[in-house]
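Now for the letters of each chain:
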Amino acid sequence: MKVLVIGGGAREHALCRSLSLDPDVTALHCAPGNAGIAEVAELHPVDQLDGEAVTRLATELGAELVVVGPEAPLVAGVADAVRAAGIPVFGPSREAAQLEGSKAFAKDVMAGAGVPTARSYVCTTPEEIDEALDAFGAPYVVKDDGLAAGKGVVVTEDLAQARAHALACDRVVIEEFLDGPEVSLFAITDGVTVLPLRPAQDFKRALDGDEGPNTGGMGAYSPLPWADPKLVDEVMDSVLQPTVDELRRRGTPFSGLLYAGLAITSRGVRVIEFNARFGDPETQVVLARLKTPLAGVLLNSANGTLDDQAPLSWSDEAAVTVVVASHNYPETPRTGDPIEGLDEIAEQDAPHAYVLHAGTKRDGDAIVSAGGRVLSVTATGTDLAQARERAYAAVGRIRLDGSQHRTDIARKAAEA
């Protein structure tokens, strides 16, 4: 089949890499893509928030499946436009994508579905904000109700910082702090059937030891050797299936990728947030372990035939991703710096380690940085220790002036 992927980050590079390895994919296109994706897919310029433009491009290319990667096009209704043209699309409708687009909507759905989550208040006035902060106390958890590219959440002991973030949002969700480790679990769904993938853990803070500001994610690993073997089944029964059933009951069926961000608390599993698309950087490690060809699974989701899907096949290997970020990320990052060492990784570390591009572009013969998170260096190994070793060996070959990365991704899990 001919496949068009919408987006241009490391998540989309991971998707394109997996699709390029699928023998059923005869032509692979990506819009707008990046310098790395250009090696496995044909790139096309497009305004990814413009449903008509994306539909026009898909029609011109004869695409038989459109995969919408990022959250912003989904919340903008791009999947609806493509679906209306009769083209199968992997990704939820604008209404269903509000599960990520609005924290308040997600909380309402969870209440209706009986899904365990943190107690919370939705606030729109300074008075409501002060009451909520006072009710929960420190540590304060303050979430912008809308999309914020992974940077709309502040968790702090500092009341003034929490209040300032809340006041900067039009509408804000303030909730109780959830203790315990965090887990990301993805599920592919067609609105009825739910197919869970393997869990991963990501690292949101910019600096080692989970210090520094929140980011879009600085690394990830899978599997989770410390997690209860029954975790996936438990989350399926208490979170994923009830949420999909509730959205269908409301007349807004959710088809695509349902991402549950979870806290494994002393009182059991609690949902921190939902996303309506593959997470970045967790996708990089989850797809590194998936052996089942990807295109057919996504097409079954798009066509409502997921109950026909054979059980997914997984590698026993571990996977680790380390994000290499620009100078000054997550504040205003510096861009335009040349990136060197990519050829060395391809020559010396493949196939166990490879680079997925996030914020890059081609400038003449050079590849330069073009965003905050620049590269996702991903490696596999017989266990997390070997995957870590391979990932960091590859990171060590990259030369990008002023770049930064965490040195402790998956360390604790590998040593456990």
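This text follows the structure it describes.
Treat the numbers as computed from the prediction; the structure is a model and nothing was measured.

Looking only at helices and strands, the protein chain features 14 helices and 22 strands. In terms of overall size, the protein chain behaves like a compact globule, its C-alpha atoms giving a radius of gyration of 20 Å where 416 residues would be expected to give roughly 22 Å. Relative to its 416 residues, the protein chain shows a buried fraction of 57%. Put simply, 69% of the contacts in the protein chain that link residues at least 6 apart link residues at least 24 apart. On the protein chain, roughly 16700 Å² of surface is accessible, and the fraction owed to carbon and sulfur atoms is 48%. When the 36 basic and 61 acidic side-chain charges of the protein chain are each reduced to a single mean position, those positions are 2 Å apart.

Another aspect to go through is the pairing of strand β14 (residues 211-214). Bridging between strand β13 (residues 205-207) and β14 involves two bridges; their strand directions are antiparallel. Across the sheet, residue Arg205 finds its bridge partner in β14, namely Asn214. A loop of three residues connects β13 with β14, the two strands running antiparallel in sequence, and Gly209 in this loop sits at a positive phi of about 70°.

So, on to the sheet that holds strand β17 (residues 268-275). One open sheet accounts for four strands, arranged β11-β10-β16-β17; its pairing is antiparallel. Each end of this open sheet is capped by a strand with a single partner; those strands are β11 (194-196) and β17. Strand after strand, the sheet turns through a mean of 35° between neighbouring axes, direction not considered. Note: strand β16 (residues 256-265) against β17, seven bridges, orientation antiparallel. Within β17, the residue paired with Gly261 across the bridge is Glu273. Running at roughly 125° to β16, helix α9 (residues 231-249) makes contact with β10 (182-189), β11, β16 and β17 of the sheet.

Calculation criteria
Residues numbered from 1 in each chain as written. Predicted model: local features only at pLDDT ≥ 70, side-chain atom pairs only at ≥ 80, totals over all residues. Heavy atoms only, no water. Helix = DSSP H or I, 4+ residues; strand = E, 2+ residues; numbered from the N terminus. Rg over C-alpha atoms; globule rule 2.2 N^0.38 Å. Buried < 20%, exposed > 50% of the residue type's maximum accessible area, 1.4 Å probe, protein only. Contact = heavy atoms within 4.5 Å. Areas by Shrake-Rupley, 256 points an atom, 1.4 Å probe, with all protein chains shown as cover. Lys, Arg positive; Asp, Glu negative; His and termini not counted. Charge placed at Lys NZ, Arg CZ, Asp CG, Glu CD. Pairing = 2+ DSSP bridges. Axes fitted to C-alpha atoms, helices over the stretch in contact; angles between N-to-C directions.

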